[in-house]
Amino acid sequence: MAKRSKRKKLIDKLDNVFSIYIRRRYAKNDIAECFTCGKKDHWKKLQCGHFQSRKNYATRFGTLDDDDKITELNCQVQCAGCNVFRYGEQYLFAKHLDEKYHKGLADELFLRSKKVVKFDNVDLEMLINKYKDLTDKLDK
């Protein structure tokens with residue numbers, strides 16, 4: 001079996017840390033709500049859904065720039081039904097993004113997702129630390 005590269009391991013770790021942060025950031029008493037259907041459950045039983053696909057690194061995670069919270073909004077809590085079985089409920093996801101945050105956000109995220117963004121290993125490590133720290137702050 002081929003050994004996984006350091007980069008692949010870092011991306012997997014960032015996916016995990018970022019997912020935990022997204023699922024916990026709006027949770028109250030460990031209960032989060034699906035962004036598209038409203039189902040409530042323990043954050044560990046829900047998923048980190050992406051409005052624009054994870055294949056687009058420009059919107060897959062947040063960024064190192066703290067002023068750029070828009071990219072983070074591409075990711076919201078979703079139940080498995082919406083995220084997997086109903087393919088992310090993209091129409092409802094877009095509608096709710098525009099209603100909850102600001103009109104035109106879905107279009108902005110769509111355009112941003114088309115940009116080419118490359119993270120080096122140092123960037124990935126910094127993002128891992130950023131989202132670990134943000135998650136730790138949620139515990140306090």
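Nothing here was measured: the structure is a model prediction, and the numbers come from that model.

Taken together, the buried positions of helix α4 (residues 90-100) are F93, A94, H96 and L97. The arc enclosing the buried residues of α4, seen along the axis, measures out at 170 degrees, which places them on a common side. Of the residues in α4, the exposed ones pointing more than 90 degrees away from the buried face are Y91 and E99. If you follow the buried residues of α4, they end up packed against β3 (47-50), β4 (75-78) and α5 (105-113).

Closest axis-to-axis distance for the α4/α5 pair is 7 Å, and the angle between their directions is 120 degrees. Each of A94, L97 and D98 in α4 lies in contact with α5, whose residues at this interface are L105, A106 and L109. By residue class, the composition of the contact of α4 with α5 is five nonpolar, no polar and one charged.

Before going further, it helps to spend a moment on the side chain of D15. Position of D15 among the secondary structure elements: in helix α1 (residues 6-25). Looking at D15, its side chain comes within polar contact range of the side chain of R54, at 3.3 Å. Residues in contact with D15, not counting those within four places in the same chain, are R54, R60 and F61.

Before going further, it helps to examine the environment of L127. Considering the arrangement of structural elements, one finds L127 in helix α6 (residues 121-139). The sequence separation of L127 and K69 amounts to 58 residues, and the corresponding C-alpha distance is 13 Å. Aside from chain neighbours lying at most four places away, what touches L127 is L14, G62, T63, L64 and F119.

All right, on to unusual backbone geometry then. Among all residues save glycine, negative phi is the norm, and among peptide bonds the norm is trans. Of note in this structure, N29 is not a glycine but carries a positive phi near 55 degrees. Take N29: it is sitting in the loop between α1 and β1 (31-33). By relative accessible area, N29 is classed as exposed at 76%.

All chains considered together, the criterion is met by nine salt bridges. Among the salt bridges present, the one from E89 reaches R86, with a minimum N-O distance of 3.0 Å. Between R112 and E108 there is a salt bridge whose closest N-O contact spans 3.9 Å. Separated by four residues within a single helix, R112 and E108 lie in helix α5, roughly one turn from each other. Look at E108 and you get partly exposed, because its relative accessible area is 28%. Taken together, the shared-partner salt bridges connect D15, R54 and R60 into one network.

Thresholds applied
Residues numbered from 1 in each chain as written. Predicted model: local features only at pLDDT ≥ 70, side-chain atom pairs only at ≥ 80, totals over all residues. Heavy atoms only, no water. Buried < 20%, exposed > 50% of the residue type's maximum accessible area, 1.4 Å probe, protein only. Helix = DSSP H or I, 4+ residues; strand = E, 2+ residues; numbered from the N terminus. Arc of directions from axis to C-beta. Contact = heavy atoms within 4.5 Å. Axes fitted to C-alpha atoms, helices over the stretch in contact; angles between N-to-C directions. Nonpolar A, V, L, I, M, F, W, Y, C, P; charged D, E, K, R; others polar. Polar contact = N/O pair within 3.5 Å; in protein donor to acceptor, adjacent residues only side chain to side chain. Salt bridge = Lys/Arg side-chain N within 4 Å of Asp/Glu carboxyl O.

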